[in-house]
Amino acid sequence: MESRSLVAHSSSFKLPIANLRSVFRTHDVERKLAKLPEREHENLRTTYERMLERGPDRFQVKPSGVPDMAALYDQLPNFTNALDDVKRHVALSQDSRDGLEVTPMLLLGPPGIGKTHFARKLAELLGTGMSLLPMSSMTAGWLLSGSSSQWKGAKPGKVFEALVDGQYANPVIVVDEIDKASTDAQYDPLGAMYSLLEHDTAGAFMDEFAEVAIDASQVIWIMTANDERSIPEPILNRMNVFEIEPPSPEAARRIARNLYVSIRMEHGWGARFDDEPLDDVLDQLAELAPREMRRALMTGFGNARLDNRTEITVEDLPRSGTNKSKMGFIQ
């Protein structure tokens, strides 16, 4: 297989992208296209032609060593166990011809604790693409695996799109709030996951629209959930499950401080504000869920700017209780 050496850059480390991996067989597509009746199935014809035009090869992330993940451990102090798992998988694939293979993981914890943020940071670390699939808004199983081309308005599923339309053979795919999946017996949104989470069967995943075998064996799966009780046991058994606890007060202050610094650095107007937040501001922010910290900080920056001040005070933050969530687990 042809190998190229490209490098994905991020703020604190580099992971080279090497090797090209075929995610489908061109011959399969050509055979399907040849069998299509003329003037019929235009969407399917267009899909096949797009596949042939793009070709089957996608970049596969290939680490040359274990990256320095200290910054991630600092930014995500309550995700230590999940980060340790990622580091183990990266260590296994370094200095070998094997691609990076990560056991599917389930991040279990209360809303707003930073599970989706973790997934984004992991995709950034690996230098690969990320697709977010919110299960709470997915009512049909075909959104993952595609719908039959015989149906009106049929199209490929999200897994097909991530691999065929994307650049990588091993993208991060986040199935958000998997416990919110519809229980409609006619369309099981999780039906496709049984084969997708098994390495062997995922290597020849069949999208129902294209009906061409796709190699989804290298996909890095991250599931999030608030409650594991509604997740089928066979799916749970295919994943490493990490219970994400709310951050300690000290860790929450660290998260708040990191958010302050990152928001300030990401915006041109950030230069108007002090390099570091006040201690009592951090104390106030530490009482919030990580998701709500960002909203509170944006409000604080805005109020301080209206008052032509370079620092945020406690009075600039939203009043306690107006937008505050409890940090305990859902019972």
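Residues numbered from 1 in each chain as written. Predicted model: local features only at pLDDT ≥ 70, side-chain atom pairs only at ≥ 80, totals over all residues. Heavy atoms only, no water.

Peer 1: Before we move on, can you summarise the overall build of the protein with the specific residues and values?
Peer 2: Secondary structure summary: the protein contains 13 helices and 10 strands in total. Expressed as a percentage of its 331 residues, the buried residues of the protein come to 48%. Long-range contacts, defined here as pairs at least 24 residues apart, represent 74% of the contacts in the protein between residues at least 6 apart. Summing over all exposed atoms, the protein offers an accessible surface of approximately 16400 Å²; the carbon and sulfur share of this is 48%. (Helix = DSSP H or I, 4+ residues; strand = E, 2+ residues; numbered from the N terminus. Buried < 20%, exposed > 50% of the residue type's maximum accessible area, 1.4 Å probe, protein only. Contact = heavy atoms within 4.5 Å. Areas by Shrake-Rupley, 256 points an atom, 1.4 Å probe, with all protein chains shown as cover.)

Peer 1: With reference to specific residues and values, describe the pattern of salt bridges.
Peer 2: Summed over the entire model, instances satisfying the criterion amount to 19 salt bridges. Across the salt bridge formed by Lys 121 and Glu 124, the nearest N and O atoms sit 3.9 Å from each other. Within this pair, Lys 121 and its partner Glu 124 are both found in helix 5 (residues 115–126), separated by three residues, close to a single helical turn. Assessed through its relative accessible area of 18%, Lys 121 is described here as buried. (Salt bridge = Lys/Arg side-chain N within 4 Å of Asp/Glu carboxyl O.)

Peer 1: Could you give an account of the packing of aromatic side chains, with specific residues and numbers?
Peer 2: Enumeration over the complete set of coordinates arrives at five aromatic pairs. Ring geometry for Phe 79 and Phe 118: centres 5.0 Å apart, planes at 10°, overall stacked. Here Phe 79, found in the loop between helix 3 (70–75) and helix 4 (80–93), pairs with Phe 118, found in helix 5; they are 39 residues apart in sequence, far enough to count as distant. According to the relative accessible area criterion, Phe 79 is buried, its value standing at 1%. Ring geometry for Trp 269 and Phe 273: centres 6.0 Å apart, planes at 85°, overall edge-to-face. The structure contains a cluster of three or more aromatic residues connected by ring pairs, namely Tyr 260, Trp 269, Phe 273 and Phe 301. (Phe/Tyr/Trp six-rings, centres within 6.5 Å; stacked < 30°, edge-to-face > 60°.)

Peer 1: Just give me the short version of unusual backbone geometry, but keep the residues and values in it.
Peer 2: Note: most peptide bonds trans; most residues except glycine with negative phi. At Glu 177, a position not held by glycine, the phi torsion is positive, near 55°. Along the chain, the position of Glu 177 falls in the loop between strand 6 (172–176) and helix 8 (193–196). Under the relative-accessibility criterion, Glu 177 is labelled partly exposed at 24%. Phi is positive for Asn 308, which is not a glycine, with a value near 55°. Checked against the element boundaries, Asn 308 lands in the segment after helix 13 (290–306). Relative accessible area serves as the criterion here: at 63%, Asn 308 is assigned to the exposed category.

Peer 1: Any chance you could break down the nonpolar core for me, citing the residues and the numbers?
Peer 2: Among the nonpolar cores identified, the biggest contains 43 residues, and Tyr 48, Met 51, Ile 178, Met 193, Trp 221 and Met 223 are the most heavily contacted of them. Among the elements that take part in this core, helix 7 (residues 158–165) stands out by supplying five residues, more than any other. Leaving out residues up to four positions away in the same chain, Tyr 48 has contacts with Val 29, Lys 32, Leu 33, Leu 36, Ala 210 and Val 212. Residues Ala 82, Ile 222, Phe 242 and Ile 244 belong to the second largest nonpolar core, which totals 27 residues. (Core = buried A, V, L, I, M, F, W, Y, C linked by side-chain atoms within 4.5 Å.)

Peer 1: With reference to specific residues and values, describe the side chain of Thr 47.
Peer 2: Its location among the elements puts Thr 47 in helix 2 (residues 42–54). Aside from chain neighbours lying at most four places away, what touches Thr 47 is Pro 156, Phe 160 and Phe 209.

Peer 1: Any chance you could break down the packing of helix 2 against helix 7 for me, citing the residues and the numbers?
Peer 2: Where helix 2 contacts helix 7, the axes come no closer than 11 Å and their chain directions differ by 35°. Residues Thr 47, Arg 50, Met 51 and Arg 54 of helix 2 pack against Phe 160, Val 164 and Asp 165 of helix 7. The residue inventory of the contact of helix 2 with helix 7, partitioned by class, reads three nonpolar, one polar and three charged. (Axes fitted to C-alpha atoms, helices over the stretch in contact; angles between N-to-C directions. Nonpolar A, V, L, I, M, F, W, Y, C, P; charged D, E, K, R; others polar.)

Peer 1: With reference to specific residues and values, describe helix 4.
Peer 2: One full turn of an α-helix is made of 3.6 residues, so residues set three or four places apart face in the same direction. Taking 1.5 Å of rise per residue, the 14 residues of helix 4 would be expected to cover 20 Å, and the 20 Å separating its terminal C-alpha atoms lies within 8% of that figure. For helix 4, the complete set of buried residues consists of Ala 82, Leu 83, Asp 85, Val 86, His 89, Val 90 and Ser 93. For helix 4, the arc enclosing every buried residue in end-on projection is 155°, short of the 170-degree limit, so these residues lie on one face. Facing away from the buried surface of helix 4 by more than 90 degrees, the exposed residues are Asn 81 and Leu 92. Elements that come into contact with the buried residues of helix 4 comprise helix 3, strand 4 (105–108), helix 5 and strand 10 (240–243). (Expected span 1.5 Å × (residues − 1). Arc of directions from axis to C-beta.)

Peer 1: Could you give an account of helix 1 (residues 26–35), naming the residues involved and the relevant values?
Peer 2: Within the sequence span of helix 1, burial applies to Asp 28, Val 29 and Leu 33. Buried residues of helix 1, viewed axially, fall in a sector of 130°; they line one side. Along helix 1, exposed side chains directed more than 90 degrees from the buried face belong to His 27, Ala 34 and Lys 35. Contact partners of the buried residues in helix 1: helix 2.

Peer 1: Let's hear about the environment of Val 281: which residues, and what values?
Peer 2: Tracing the backbone shows Val 281 in helix 12 (residues 279–285). Separated by 25 residues in the primary sequence, Val 281 and Ala 256 have C-alpha atoms spaced 9.0 Å apart. When near neighbours in sequence (up to four residues on either side) are disregarded, Val 281 contacts Ile 312, Thr 313, Val 314 and Leu 317.

Peer 1: Tell me about the side chain of Thr 128, residues and numbers included.
Peer 2: Residue placement: Thr 128 occurs in the loop between helix 5 and strand 5 (130–134). Here the side chain of Thr 128 touches Asn 170 through a polar contact of 3.2 Å, landing on its backbone oxygen. Dropping the residues within four chain positions of it, Thr 128 is found in contact with Val 61, Ala 123, Tyr 168, Asn 170, Pro 171 and Val 172. (Polar contact = N/O pair within 3.5 Å; in protein donor to acceptor, adjacent residues only side chain to side chain.)

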